Each structure stands twice: as structure tokens, then as C-alpha cells.
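Tertiary structure, described
Given next are the chains, with one letter for each unit.
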Amino acid sequence: MEYSLICHNLYAISFSPVKKKLLLLCIMLLLWVYMLYSCVGYCSTMPSLMVDSYRGKDIQTAAKRTDSGGTASRDLLNNEIEVDRTDDWEEMRSEQRSLEPSALSSFSNGSGTKKLPQAIIIGVKKGGTRALLEFLRVHPDIRAVGAEPHFFDRNYDNGLDWYRDLMPKTLEGQITMEKTPSYFVTREAPARICAMSRDTKLIVVVRDPVTRAISDYTQTLSKKPDIPTFESLTFKNRTTGLIDTSWSAIQIGIYAKHLENWLQYFPMGQILFVSGERLISDPAGELGRVQDFLGLKRIITDKHFYFNQTKGFPCLKKAEGSSKPHCLGKTKGRTHPNIDPEVVQRLRDFYRPFNMKFYQMTGHNFGWD
């Protein structure tokens, strides 16, 4: 009898209307917190998953090309997909580690729509494109892809829907951007971008072509230590001093030649040329020009930068989505090897007429001579 009374009392207490409502409320709250936690965790892992996915595809592509032949050292240097992309992955991972994950930013990124880019940083390799992109991402009205899509040179067959799906979601008034430096030297890229939108704004970061070539070689050397010397790759014939323009490190720096291709599809007013040297010495000044070109308010100013003496270039006091200082990763600012001064002078003489033509075409003297 006592046992029955105890059970009856417990049943009455546990299933009273007030207790029922409180129990249901607690269960709903726990479920909501669990869903919130799961969603935030999923969003934070997406960039890493996307990077790993694309990296896997590139490794497969590189393997197929290697199997098909063309193993000469110069051919491997001209086809530097692995070198370029490895640097990009390392930079992306460094960037992910430096930023503080935020539940609020994860959910705000889920709003808006994906659009094709209105502005593209099209070049040049080893000119300072990564620095420019990271600096621009501080601006609240710019949303940009971190990794290089390589759509208009390597992945064009995937179609515009594939390309659009890579873009971040943007709100009304925000600009979608991407950067792929190899576009500038890809013959098909201007026509393809024009077919997407002839109103696309193009940004080219240029740098002293001699310094750029040495930096290009330094990057390749860090991945392939057994490659020939810079001097031997520079000349077709060292005795006659004939420069080998088939080597991509030399060919990229003939800016006037590549620009002629772009001017067949885009007016000069739609192309902005950023000085890689000034991006280091006066980042706020160059960023001011870029913001004006994009029709944005000048929000990125001197207060956003400090000069890192160890790396030798400016860093952000606060990166996008972070309260901590942020410098570009270890793949940037490598120490260049010592190059024979005579070879450097030969290259300066070679580039001089092309530089002069480039100055005339752009209406700007970059002071490389």
C-alpha cells in the first residue's frame, strides 16, 4: 500500500502541467543549442574541405600530365601548377589559422547570394597579388575567394555555374572578387572574361620584371632544388647573350605584349595597374587608388597597416574576421639567391624597350630603369 502511494505521488509530481511545460522547454532549448553548435562547426570546416578537394584534383591533374610525357626540366618549369597551388594552399591554411572563428560571422556569411565577380585581380604572378587581395578583404564591401579559381585558364570547361558556386555570398552593394595571376598571360582569358561581362573591372599588380623573374625562380627553387641555375635558364646562348623568352619566368615580364591582348577586349579605363613596389612602401596609398577604382569608400587607410621589419613588407594590424595582427605566410618574402650582376644587367637591357612601351600604354612610369 505504501509503495502504491509513493508511486502515485511521484507520478503526480513528475507529470504536473507546469513540470511538463518546463521539461518540453528544456528539451527544445537543448535541441536548438545542439543544432546551432553543429551548424557553426560545419561552416567552419567548409574552407578546409574545399581546399583539400581542389588540392586533390590538382594533384591528379599534375600526375596525368607527368605520365603523358614532357619530362624535360624546362617543360616542368613552364608548367608550374604544383608550385603555384602549393603556395596557395599554404597561404590559405596560414590564413585560416590566423583568423578567429565566430558564430556570428559564420551565420552572416550564410546570407546573401552568390554572384559572378564584378572585379578580378588578373596578374601578375609574384607581383604582390596575394598581399593586395588580403588587404582588400578588410573592406566590408568586398567579398573575395581565398584560393585561386583558375577558371578562365584551366577550368573554363566547367562552366559559369561552377564558377559562380565558388564565389562567397554577397549582400546588396558588396563586390565579389577573385584573383588568379596567370590570367594576365593566358591568351584566351580576355575574350572569356569579356563574354562573362564586358563591365568587369580588372586589376594588374606589376613589379620590376627582373626582380619578378628572380622571385619566380626562387619560388620554383624552393620546391625543386635540383633545377638548373637562373643564369643557365635565362639565356638560349650565354655567349651571344640571347635571352630565352620561352621560359615563363622571363616571358611573364614582357607586360606590354600581354596588355595588347587585353586591350582588344577591354578599354584602358577598365584596367587598374597597381605598383608592387608601392604596395610595399605605401600600401595605404595604393589601396586608396584601388578603392576609388572599385567605386568604394576609402575605408582601408594607414591605420590598418604596420611594417614588419623581419619580413620586409607591411602587415595588417587586424585581418578580416580577426582582432589579431596578420602577416602573409612563410611562402612570401623568401630570400632571393645571388644572381650574377652581369646577367641582371643583361635582363635590364632586354626589358627596357618593353618597359618603355608599357609606360606609354598605361600613362604611368613605374621607375624600373
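Residues numbered from 1 in each chain as written. Predicted model: local features only at pLDDT ≥ 70, side-chain atom pairs only at ≥ 80, totals over all residues. Heavy atoms only, no water.

Per an unreviewed UniProt entry, the protein chain goes by Sulfotransferase and derives from Lepisosteus oculatus.

1. Considering unusual backbone geometry
What is expected of a backbone is that most residues other than glycine have negative phi and most peptide bonds are trans. In the segment running from Gly123 into Val124, the intervening peptide bond is cis, with an omega of -5°. In this structure, Val124 sits in the loop between β2 (119-123) and α6 (129-136). In the Ramachandran plot, Lys126 falls in the positive-phi region, its phi being about 60° despite a non-glycine side chain. Along the chain, Lys126 falls in the loop between β2 and α6. Within the chain, His150 stands out as a residue other than glycine whose phi angle is a positive 50°. Mapping His150 onto the fold places it in the loop between β3 (142-144) and α7 (160-166). Given the relative accessible area of 2%, His150 is considered buried. (Helix = DSSP H or I, 4+ residues; strand = E, 2+ residues; numbered from the N terminus. Buried < 20%, exposed > 50% of the residue type's maximum accessible area, 1.4 Å probe, protein only.)

2. Re the pattern of salt bridges
Within this structure, the stated rule accounts for 17 salt bridges. Linking Arg289 and Glu286 is a salt bridge whose minimum nitrogen-to-oxygen distance equals 3.2 Å. Of this pair, Arg289 and Glu286 are both found in helix α14 (residues 283-293), 3 residues apart, which corresponds to roughly one turn of the helix. For Arg289, a relative accessible area of 31% gives the class partly exposed. (Salt bridge = Lys/Arg side-chain N within 4 Å of Asp/Glu carboxyl O.)

3. Things to note about the packing of aromatic side chains
Applying the stated criterion across every chain yields a total of 22 aromatic pairs. Ring centres 5.4 Å apart and planes at 55° place the aromatic pair Phe350 and Phe354 in the tilted group. Placement of both Phe350 and Phe354 in helix α15 (residues 341-362) is noted, with a separation of 4 residues, approximately one turn of the helix. Looking at Phe354, the relative accessible area reads 29%, which means it is partly exposed. One aromatic cluster is present, built from ring pairs that chain together Phe151, Phe152, Tyr156, Trp162, Tyr163 and Tyr183. It is Lys201 that lies over the ring of Phe293; its NZ or CZ is 5.5 Å from the centre. (Phe/Tyr/Trp six-rings, centres within 6.5 Å; stacked < 30°, edge-to-face > 60°. Lys NZ or Arg CZ within 6 Å of the ring centre and 35° of its normal.)

4. Thoughts on the pairing of β2
In terms of burial, β2 is largely enclosed, as 5 of its 5 residues are buried. Looking at chain direction, β2 and strand β5 (residues 175-179) are connected through 3 bridges and run parallel. Looking at β5, one finds that Ile120 is bridged to Glu178. Judged from the 4 bridges that link them, β2 and strand β6 (residues 201-206) form a sheet pairing that is parallel. Within β6, the position partnered with Ile120 by the bridge is Leu202. (Pairing = 2+ DSSP bridges.)

5. Here's the deal with the environment of Tyr359
The topology assignment puts Tyr359 in helix α15. Residues Tyr359 and Tyr255 lie 104 residues apart in sequence; the distance between their C-alpha atoms is 9.9 Å. Once residues within four sequence positions are removed from consideration, Tyr359 is found in contact with His364, Asn365, Phe366, Gly367, Trp368 and Asp369. (Contact = heavy atoms within 4.5 Å.)

6. Regarding the UniProt feature "binding site: 3'-phosphoadenylyl sulfate" (unreviewed entry) in the protein chain
Mapped onto this numbering, the UniProt entry annotates "binding site: 3'-phosphoadenylyl sulfate" (unreviewed entry) at Lys126, Gly127, Gly128, Thr129, Arg130, Arg207, Ser215, Lys332, Gly333, Arg334, Thr335 and His336. Take Arg130: it is sitting in helix α6. We classify Arg130 as buried; its relative accessible area is 3%. A polar contact is formed between the side chain of Arg207 and the backbone oxygen of Lys126, at a distance of 2.7 Å. (UniProt positions renumbered as here; feature names shortened; annotations may be inferred. Polar contact = N/O pair within 3.5 Å; in protein donor to acceptor, adjacent residues only side chain to side chain.)

7. Details of the sheet that holds strand β9 (residues 271-275)
Within the open sheet, the 5 strands sit side by side as β3-β5-β2-β6-β9. Their pairing is parallel. Two strands close off the open sheet at either side, each with one partner strand: β3 and β9. The average undirected angle you get between the axes of adjacent strands in this sheet is 25°. Relative to β9, helix α12 (residues 255-262) is tilted by about 160°, and along the sheet it contacts β2, β6 and β9. (Axes fitted to C-alpha atoms, helices over the stretch in contact; angles between N-to-C directions.)

8. What about the packing of helix α9 (residues 209-223) against α15?
Their axes nearest at 9 Å, the elements α9 and α15 cross at an angle of 125°. In terms of axis orientation, α9 runs oblique to α15. Facing α9, whose interface residues are Pro209, Val210 and Thr211, α15 presents Val344, Leu347, Arg348, Tyr351 and Asn355. Residue composition of the contact of α9 with α15, by class: 5 nonpolar, 2 polar and 1 charged. (Parallel < 35°, antiparallel > 145°, perpendicular 65-115°, else oblique. Nonpolar A, V, L, I, M, F, W, Y, C, P; charged D, E, K, R; others polar.)

9. Regarding the packing of α6 against α14
Running from amino to carboxyl end, α6 crosses α14 at an angle of 75°, the nearest separation of the two axes being 11 Å. Taken as axis vectors, α6 and α14 run roughly perpendicular relative to one another. Every residue of α14 that contacts α6 at Leu132, Phe135 and Leu136 is listed here: Pro283, Leu287 and Val290. Considered class by class, the residues forming the contact of α6 with α14 number 6 nonpolar, no polar and no charged.

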